[in-house]
Amino acid sequence: MQFLAQPSSGRHQQPIRHPCSFLCSPTMEFSFPTTAKFTIFLFACFSLCFHLIMAVGLEHQEVLALPTRPNNYKHLQMRAGAPFKIAIFADLHFGENAWTDWGPRQDVNSVKVMNTVLDDENPDFVIYLGDVITANNILIANASLYWDQAISPTKSRGIPWASVFGNHDDALFEWPMEWFSAPGIPRLICPEANSTHSGAEACSFRGTHRLELMKHEIDHNALSFSKNGPKELWPSVSNYVLQVSSSDGPKSPVVYLYFLDSGGGSYPEVISTAQADWFRHKSDQINPDLRVPELIFWHIPSRAYKKVAPRFGIHRPCVGLINKEGVAAQKAELGIMKLLTKRPSVKAIFVGHNHGLDWCCPNEKLWLCFARHTGYGGYGDWARGARILEITQKPFSVKSWIRMEDNVVHSRVVLSP
């Protein structure tokens, strides 16, 4: 089965297809070894369609009416006399167990969490901090449907956003154990001879690579500030910087937001030496005198997080509510942390990945912070929420707290005076 993003002639909104128009297509690239299993699959398919309609059906009319961003709008700007507020959505894991009733239900619950946070906080900007989807559970060739579901609560409110990739966003498809039969694995039915795919690619779940996901988001969403990043860093894609300007205009930067692809999926779980070099050159270019504060966002925590992690509970100077697992860090440390700790302009780093951690701890002159697990996909049964950042200009400060799905606020901390 194929669902490929259509080319766009511009950054304007495109009509949204009905979520079931392709999902149960007769050109599906696999089948089950028995009629009984095929019947089960069809039931799960239609169940999935029902829940997808619940998740996105009401969003469509709102999306088409969204204002478009002018072509010369290259920066985010604070409102006069008001702080700049950011909501961080981490580990949404849309599309997980998509062939079951459980999976689509979790996506509906994740939408509810985001709706609560957005209604309570009314942020100026949203950051999707990786693992937006669980690609290794998605059995279609193009996972952009699930990506679109994940950003729909933000998009429908006309709030700009940016995204960074996690380790699940373009992971290879993993065969579910319940699909295996006594003789072996389910049979694959290759597409027809006139298919646009051929060879091994035609008979497999190819998945959707980072570049394809990013292209779809950029081409179809005028409010997305996400970027492909420098080509010399590919397949590490989401490496870019955004400027938040004062109400006076783009010549008065208040803070720089750096996004780095920490790997996973089709790419090793590291921030490479090349990425560190890119950050050094870019930051020296736009902020040579270190005058403008900088905030850093990526998905998988660096090894520095393991060094500052609270042992039992959470105690000052760390601030947070849950400390229920060990830090699952990147595979190696290749220089980025050394650069960041030496820059007094860097105030904090924000990561996701660990669903059972939401603390902030100081590390030398900067803060290392986890977001809060936002999505109902993924492991863990802890209550969901989102980390909020509030940036003020005069005097400059970064404050943060956690907004929960039940409207409760906790773990307030000042990350920069």
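Since we're looking at a predicted model, the values are computed, not measured.

What counts and how
- Residues numbered from 1 in each chain as written.
- Predicted model: local features only at pLDDT ≥ 70, side-chain atom pairs only at ≥ 80, totals over all residues.
- Heavy atoms only, no water.
- Salt bridge = Lys/Arg side-chain N within 4 Å of Asp/Glu carboxyl O.
- Helix = DSSP H or I, 4+ residues; strand = E, 2+ residues; numbered from the N terminus.
- Buried < 20%, exposed > 50% of the residue type's maximum accessible area, 1.4 Å probe, protein only.
- Contact = heavy atoms within 4.5 Å.
- Pairing = 2+ DSSP bridges.
- Phe/Tyr/Trp six-rings, centres within 6.5 Å; stacked < 30°, edge-to-face > 60°.
- Axes fitted to C-alpha atoms, helices over the stretch in contact; angles between N-to-C directions.
- Parallel < 35°, antiparallel > 145°, perpendicular 65-115°, else oblique.
- Left-handed = near helix turned anticlockwise from the far one by under 90°.
- Core = buried A, V, L, I, M, F, W, Y, C linked by side-chain atoms within 4.5 Å.

Colleague: Would you explain the pattern of salt bridges in this entry?
Modeller: Any two side chains of opposite charge can pair, so long as their charged atoms come close to each other. Enumeration over the complete set of coordinates arrives at 14 salt bridges. Among the ionic pairs, D124 bridges to R79, the shortest N-O distance being 3.1 Å. Taken together, the positions of D124 in the loop between α3 (102-121) and β3 (125-129) and R79 in the loop between β1 (76-77) and β2 (84-89) put the pair 45 residues apart, joining distant regions of the chain. The closest approach of N and O atoms between D277 and R280, which form a salt bridge, is 3.0 Å. Of this pair, D277 and R280 are both found in helix α7 (residues 273-286), three residues apart, which corresponds to roughly one turn of the helix. The class for R280 is partly exposed, based on a relative accessible area of 30%. A single salt-bridge network, built from bridges that share partners, covers K85, D120, E121 and R403.

Colleague: Help me understand the environment of G103, please; the structure alone is not making it clear to me.
Modeller: With respect to the secondary-structure elements, G103 resides in helix α3. Setting aside its immediate chain neighbours within four residues, G103 contacts E96 and N97.

Colleague: It is not clear to me how the pairing of strand β9 (residues 360-363) should be interpreted in this structure. Could you clarify?
Modeller: The side chains of a regular strand alternate, residue by residue, between the two faces of the sheet. For β9 and strand β10 (residues 366-370), the ladder comprises four bridges, and the chain directions are antiparallel. In the strand pairing of β10, P362 is matched with W367. From the end of β9 to the start of β10, which pair antiparallel, there are two residues, and E364 there has a positive phi angle of about 60°.

Colleague: In this structure, what is going on with the packing of aromatic side chains? I would like to understand it.
Modeller: Within a pair of aromatic rings, the relevant descriptors are the distance that separates the centres and the angle that separates the planes. Considering all chains together, one arrives at 13 aromatic pairs under this definition. Seen from their ring centres, F125 and F225 are 6.1 Å apart, and the 85° between their planes marks the pair as edge-to-face. Taken together, the residues span a long stretch of sequence, with F125 in strand β3 and F225 in the loop between α6 (210-220) and β5 (240-246) at a distance of 100 residues. Relative accessible area serves as the criterion here: at 0%, F125 is assigned to the buried category. F225 gets classed as buried once you look at its relative accessible area, which sits at 6%. Their ring planes at 80° and their centres at 4.9 Å tell us that W359 and F370 sit as a pair that is edge-to-face. With W359 in the loop between β8 (346-351) and β9 and F370 in strand β10, this pair connects stretches of sequence that are eleven residues apart. F370 shares its class with W359; the two are buried. Connected via pairs of aromatic rings, a cluster forms that spans Y240, F259, F297 and F350.

Colleague: Help me understand the packing of α3 against helix α4 (residues 144-156) in this model?
Modeller: Packed helices, taken two at a time, are described by the angle their axes make and the gap between the axes. Viewed as axis vectors pointing N to C, α3 and α4 meet at an angle of 25°, and their least axial separation amounts to 8 Å. By the angle between their directions, the pair α3 and α4 is classed as roughly parallel. Where α3 crosses over α4, the handedness of that crossing is right-handed. Between α3, through D107, V111, M114, N115 and L118, and α4, the contact on the second element is made entirely by Y146, Q149, A150, P153 and T154.

Colleague: What is the right way to look at α6 in this model?
Modeller: Turn by turn, an α-helix covers 3.6 residues, leaving residues three or four places apart pointing in a common direction. Summarising burial for α6: eight of the eleven residues are buried, a large majority. Those residues of α6 that fall on the buried side of the exposure criterion are R210, L213, M214, H216, E217, I218, D219 and H220. Along its buried surface, α6 packs onto α4 and β4 (161-164).

Colleague: Explain the sheet that holds strand β12 (residues 397-404) here, please?
Modeller: Sheet strands line up and pair through hydrogen bonds in the backbone, either parallel or antiparallel. Here we have six strands laid out as an open sheet, ordered β4-β3-β2-β11-β12-β13, and mixed in their pairing. Lying at the two open borders of the sheet, with one neighbouring strand each, are β4 and β13 (409-416). In this sheet, adjacent strand axes meet at a mean angle of 20° when their direction is disregarded. Relative to β3, β2 is paired through four bridges, and the arrangement is parallel. Following the sheet pairing, I88 is matched in β3 by I127.

Colleague: What is the right way to read the nonpolar core from this model?
Modeller: F89, F94, V126, Y128, I133 and Y146 are the most contacted members of the largest nonpolar core, which totals 37 residues. Listing elements by their share of this core, those giving two or more residues are β2, α3, β3, α4, α6 and β11 (385-392). If you tally residues by element for this core, the top one is α4, at five residues. In this structure, A162, L242, V319 and W367 belong to the second largest nonpolar core, which totals 34 residues.

Functional significance is not addressed by these values, which are geometric in nature.
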